[in-house]
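Residue-level structure breakdown
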Amino acid sequence: MKIAINEAIAYGERLLAAQGVPADIARDVAEHLVESDRVGYTSHGLSILPNYERVLREGFVRADGRAELVNDRGTLLAFEGNSGFGQHVGKTAIQQAIARTAEHGQCILTLRNTHHLGRMGYYGEMVAAAGQILLAFTNVINRSPTVAPFGGARACLTTNPLCFAGPLPGGRPPILVDMATSSIAVNKARVLATNGQPAPAGALIDAQGNPTTDPGALFTDPPGALLPFGGHKGYALGLVAELLAGVLSGGGTIQPEHPRNGVATNNMFAILLDPQVDFDADWRTQEVGAFIDYLQACPPQPGVDRVQYPGEYEAHNRELNRDALTFAPAIWDTMLKLGDTLGVAPPSVYAE
């Protein structure tokens, strides 16, 4: 099914508005989800709305929850998310951090107690578009662990993503690193299971701790677990994200004294920098450009078109999906079922 970008956003807005979400929040969430679909991350796109309907219905997310500034020390901003939609709360917090970075050259940002922030690269692109650099760590609480520690046979951590983004000279797309510290994201496993596709080897263990490529093993009772990417290295980075995001924000970690209500609640610790403050801007621009040129001049391995830098994948997909999105039948059927439940008419099919 192919849907125009503006129609997809409007459909997402209508689905959220039908559940009592204020118009400005619904717009931010829908735009974020559609942009995730557009750049190639279906797991964090409109397909996630049926799960959002569940948590709204069960009262775990506040439809009107907004970011609240709880600590302002000039170059340090701390926000409470009030269980609001992360795509709105996160956007608000990042916008204020961008403004503070423009004023002071840097800003430390913390955010606690917000519902699922979504694709972290969205915020990285916001920061890069402002000519700034973002380094962000996120942890996930209020749900059962999904990631086994290195050598462990059951889950004790969550996917704890890292995000790095910054502008590049010469009209290039920004550099963008947005990755879970697990081998794959939970929502990626869900999409694979929905589509009847296997997970990559080394990504999962089943409930007995045995390796498996069945993404459905993550959703059995008892469940299996995701594995950290890169073995002990990904495990260590996930642990760092857990402590920085969970402790410094005040939102807490996944340790079992805290509630686990099956609702993805995020905390974040981030640093924003203006790369051109108090330095030779011309040299810096030239050095970054020369480094990217050097990487892209590397001869590719057999079967590889060319060497890319992180961020080109998103930029390429954004161009491919400039006007419309194509949804897999299984995902689109789920969306239509949600629309029928909420009394929301489906969008028009894209006319090429």
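Please read all numbers here as calculations on a predicted model, not as lab measurements. (Residues numbered from 1 in each chain as written. Predicted model: local features only at pLDDT ≥ 70, side-chain atom pairs only at ≥ 80, totals over all residues. Heavy atoms only, no water.)

What follows is about the packing of aromatic side chains. This structure, assessed with the given rule, holds seven aromatic pairs. Consider the rings of Tyr52 and Phe85, whose centres lie 5.6 Å apart with planes at 50 degrees: the pair is tilted. One end of the pair, Tyr52, is in helix H3 (residues 49-57); the other, Phe85, is in the loop between strand E3 (76-80) and helix H4 (86-104), with 33 residues separating them in the sequence. Pairwise contacts between aromatic rings join Tyr11, Phe327 and Trp332 into one cluster. (Phe/Tyr/Trp six-rings, centres within 6.5 Å; stacked < 30°, edge-to-face > 60°. Helix = DSSP H or I, 4+ residues; strand = E, 2+ residues; numbered from the N terminus.)

A side chain of one charge can pair with a side chain of the opposite charge when the charged atoms of the two come close. Applying the stated criterion to the full structure yields 17 salt bridges. Between Glu35 and Arg318 there is a salt bridge whose closest N-O contact spans 2.6 Å. Of this pair, Glu35 sits in helix H2 (residues 23-38) while Arg318 sits in helix H9 (residues 312-320), and the two are 283 residues apart along the sequence. Note on Glu35: relative accessible area 14%, which makes it buried. Residue classification places Arg318 among the partly exposed residues on the basis of a relative accessible area of 22%. One salt-bridge network, held together by shared partners, links Glu35, Arg38, Arg119, Glu125 and Arg318. (Salt bridge = Lys/Arg side-chain N within 4 Å of Asp/Glu carboxyl O. Buried < 20%, exposed > 50% of the residue type's maximum accessible area, 1.4 Å probe, protein only.)

For Gly121, the position within the fold is in helix H5 (residues 120-129). The buried category is assigned to Gly121, whose relative accessible area is 0%. Between the C-alpha atoms of Gly121 and Ser36, which are 85 residues apart in sequence, the distance is 8.8 Å.

What the domain assignment reports for the protein chain is domain 1 (1-58 + 323-351), domain 2 (65-180 + 229-321) and domain 3 (183-227). Taking the mean C-alpha position of each, domain 1 and domain 2 sit 24 Å from one another. Opposite the 27 residues of domain 1 that make contact, domain 2 presents 20 residues. Remark: the boundary between domain 1 and domain 2 carries three salt bridges. We note a salt bridge from Asp24 to Arg66, for which the minimum N-O separation is 2.8 Å. Our enumeration of links across domain 1 and domain 2 arrives at 13 residue pairs in polar contact (both at pLDDT 80 or more). Secondary structure elements with two or more residues in the side of domain 1 that touches domain 2: helix H1 (5-17), H2, H3 and strand E12 (324-326). If you tally residues by element for the side of domain 1 that touches domain 2, the top one is H2, at eleven residues. (Domains from an automatic or database assignment. Contact = heavy atoms within 4.5 Å. Polar contact = N/O pair within 3.5 Å; in protein donor to acceptor, adjacent residues only side chain to side chain.)

Along its 13 residues, H1 runs 18 Å from first to last C-alpha, staying within 8% of the 18 Å computed at 1.5 Å per residue. All of the buried residues along H1 are Ile5, Ala8, Ile9, Tyr11, Gly12, Glu13, Leu15 and Leu16. Structurally, H1 contributes buried residues whose contacts are with strand E1 (2-4), H2, H3, E12 and helix H10 (329-342). (Expected span 1.5 Å × (residues − 1).)

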